[in-house]
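If you want the building blocks of each chain, they are given just below.
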Amino acid sequence: MNESAALNESGVGSPQSSWLEAEAFDANQTLALSSAALEYHVNPWDIMLCLSGTVIACENAIVVAIIFYTPTLRNPMFILIGSLATADLLAGMGLILNFAFQYLVSSETISLITVGFLVASFTASISSLLAITVDRYLSLYNALTYFSEKTLHYVHLMLVGTWGASLGLGLLPILGWNCLDDASTCSIVRPLNRTNLTVLATSFFVIFALMLSLYFKICKIVCHHAHQIALQQHFFTTSHYMATKKGVSTLAIILGTFGASWLPFAIYCLVGEREYPSVYTYATLLPATYNSMINPIIYAYRNTEIQRSIYMLFCGCFQTKGSYRSRSPSEV
C-alpha cells in the first residue's frame, strides 16, 4: 500500500487524465468513478470505449474487404456503403489508438492528433449516412436515369465533399483550434474548445435535419408508387400494403437508431460545461459509438448481395481442396 501511495503521489505508473475530462482530478470535481480509476489506474469508461472500437473495427473491416475484393459490388450504392464502412473502421481504430496512447505514451501532441482523427472519422461516418440518404432519394426520384454516368459523377462529388469536410474539421484542433493554451475555453471534450465543439454539434443537427427531410420525401414517393401500382391492378393487395409498411418501418429504424445514438451527445455538447462530471460525457459518447457498430448491420449485412459474398468467402475458406478446385472461375 505504501508503494502504491508513493506511485500515486509521484505520478509514475498512472496516465494523464482522459481527453474527455476537462480538468485533472481534484477534490472538488471527482466522481465515485474517479476513485476507481485512480485505484486501478485505468478508467472503466475508457475500457468500454476501447472494446466498442474493437467491435466496430472488426465488423467494418469485413465489409470493406468484401466490397473491395468483389468486382460486382461497384455500383453507386455499394461505393457509398464502402465509404461508410471505411469511416466507421477508422473511427473504431481511433478509439483503440486513443486508449493505447492515453495509457502508454500520453502527451498533448498525441492527444490533439487522436482527437482530430476521431473527429474526422465520426464526421465522415455521419456525412456518409447523409450521402446514402441522398443516393436513395435519387434512386427513387430519378429512377429512369439513376443507372447512368451522371449518377456516378454525383456519387464521386459526394465522396469528395464528405471526406474533404471531415478532414477539414479533423484538422482544426491540430491547427490551433484547441484549449491547450487557455483551459478556461475547454469544452466537455478536451482539448477541443467550446466554439469548435459547438460547430461540430451544429453540423450534426444540420445533417440530421436534412436526413429527416429526405426520408420524409422518400416515404411519400414509396407510398405514391404503391398507390399507383394499386390503381393499375384495380385493388390494393395485402402484399402491396406489407411492402409499403416494411419500407416505411425500415426508414423509421434507420432514423431512430441514428437519432438515439447521436442526439444525446450532440445536445450535451451544446449545454454541457467543462466543470460538469466527466461521467456525463462518457455516458452520452458511448451510445454514439454504437451507431458505427449498428451501421454495418443495417446497410451491409442485411443486403442480399453482400450476404452472398460473405457466404462465398467462408464457404471457400472451409471447403475441402477438392471441392474448391472443382469450382469454375466464374463461380469463384
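Residues numbered from 1 in each chain as written. Predicted model: local features only at pLDDT ≥ 70, side-chain atom pairs only at ≥ 80, totals over all residues. Heavy atoms only, no water.

1. Considering the overall build of the protein
Move 1: A count of helical and extended segments in the protein gives eleven helices and zero strands.
Move 2: Its helices and strands in sequence order give the protein the pattern α-α-α-α-α-α-α-α-α-α-α, from N to C terminus.
Move 3: Per-residue burial over the protein gives 42% buried out of 332 residues.
Move 4: Intrachain contacts of the protein at a sequence separation of at least 6 include 76% that bridge at least 24 residues.
Move 5: Total accessible area on the protein stands at roughly 17700 Å², and carbon and sulfur atoms take up 67% of it. (Helix = DSSP H or I, 4+ residues; strand = E, 2+ residues; numbered from the N terminus. Buried < 20%, exposed > 50% of the residue type's maximum accessible area, 1.4 Å probe, protein only. Contact = heavy atoms within 4.5 Å. Areas by Shrake-Rupley, 256 points an atom, 1.4 Å probe, with all protein chains shown as cover.)

2. A few points about the packing of helix H4 (residues 76-104) against helix H5 (residues 108-141)
Describing two packed helices takes the angle between their axes plus the distance from one axis to the other.
Move 1: Direction vectors running N to C along H4 and H5 enclose 160 degrees, while the axes themselves pass 8 Å from each other. Between H4 and H5, the interaxial angle falls into the category roughly antiparallel. For the element pair H4 and H5, the recorded crossing hand is left-handed.
Move 2: Among the residues making up the contact of H4 with H5, the classes are represented as 18 nonpolar, seven polar and two charged. (Axes fitted to C-alpha atoms, helices over the stretch in contact; angles between N-to-C directions. Parallel < 35°, antiparallel > 145°, perpendicular 65-115°, else oblique. Left-handed = near helix turned anticlockwise from the far one by under 90°. Nonpolar A, V, L, I, M, F, W, Y, C, P; charged D, E, K, R; others polar.)

3. Things to note about H5
Move 1: Relative to the 50 Å expected for 34 residues at 1.5 Å per residue, H5 spans 49 Å between its end C-alpha atoms, a close match to the ideal helical length.
Move 2: Of all 34 residues making up H5, 24 are buried, and the element is well covered by its neighbours. (Expected span 1.5 Å × (residues − 1).)

4. Let's talk about the UniProt feature "transmembrane region" (unreviewed entry) in the protein
Move 1: Using the residue numbers shown here, the UniProt feature "transmembrane region" (unreviewed entry) corresponds to residues 45-70, 77-104, 110-134, 154-177, 197-216, 248-267 and 279-301.
Move 2: The span residues 154-177 is 75% helix and 0% strand, and its two end C-alpha atoms sit 32 Å from each other. (UniProt positions renumbered as here; feature names shortened; annotations may be inferred.)

5. A short note on the nonpolar core
Move 1: Membership of the largest hydrophobic core comes to 63 residues, with the highest contact counts inside it found for Ile81, Met211, Tyr215, Phe258, Trp262 and Tyr299.
Move 2: Every element with two or more residues in this core is listed here: helix H3 (44-69), H4, H5, helix H6 (149-171), helix H7 (194-232), helix H8 (238-271), helix H9 (278-301) and helix H10 (304-318). (Core = buried A, V, L, I, M, F, W, Y, C linked by side-chain atoms within 4.5 Å.)

6. Looking at H3
Move 1: Between its first and last C-alpha, H3 extends 38 Å over 26 residues, near the 38 Å set by a 1.5 Å rise per residue.
Move 2: The backbone nitrogen of Trp45 lies 3.0 Å from a side-chain oxygen of the residue at the head of H3, namely Asn43. (Polar contact = N/O pair within 3.5 Å; in protein donor to acceptor, adjacent residues only side chain to side chain.)

7. A word on the pattern of salt bridges
When charged atoms on two side chains of opposite charge get close, those side chains can pair.
Move 1: Tallying each qualifying case throughout the model produces one salt bridge.
Move 2: Across the pair Glu275 and Arg274 runs a salt bridge whose closest N-O atoms are separated by 3.6 Å. (Salt bridge = Lys/Arg side-chain N within 4 Å of Asp/Glu carboxyl O.)

8. Quick notes on the packing of H4 against H6
Move 1: For the pair H4 and H6, the least separation of the axes is 10 Å and the interaxial angle reads 15 degrees. Taken as axis vectors, H4 and H6 run roughly parallel relative to one another. Remark: the crossing between H4 and H6 carries right-handed chirality. Seen from H4, the contacting residues are Pro76, Ile79, Leu80, Ser83, Thr86, Ala87 and Leu90; seen from H6, they are Thr151, Leu152, Val155, Met158, Leu159 and Trp163.

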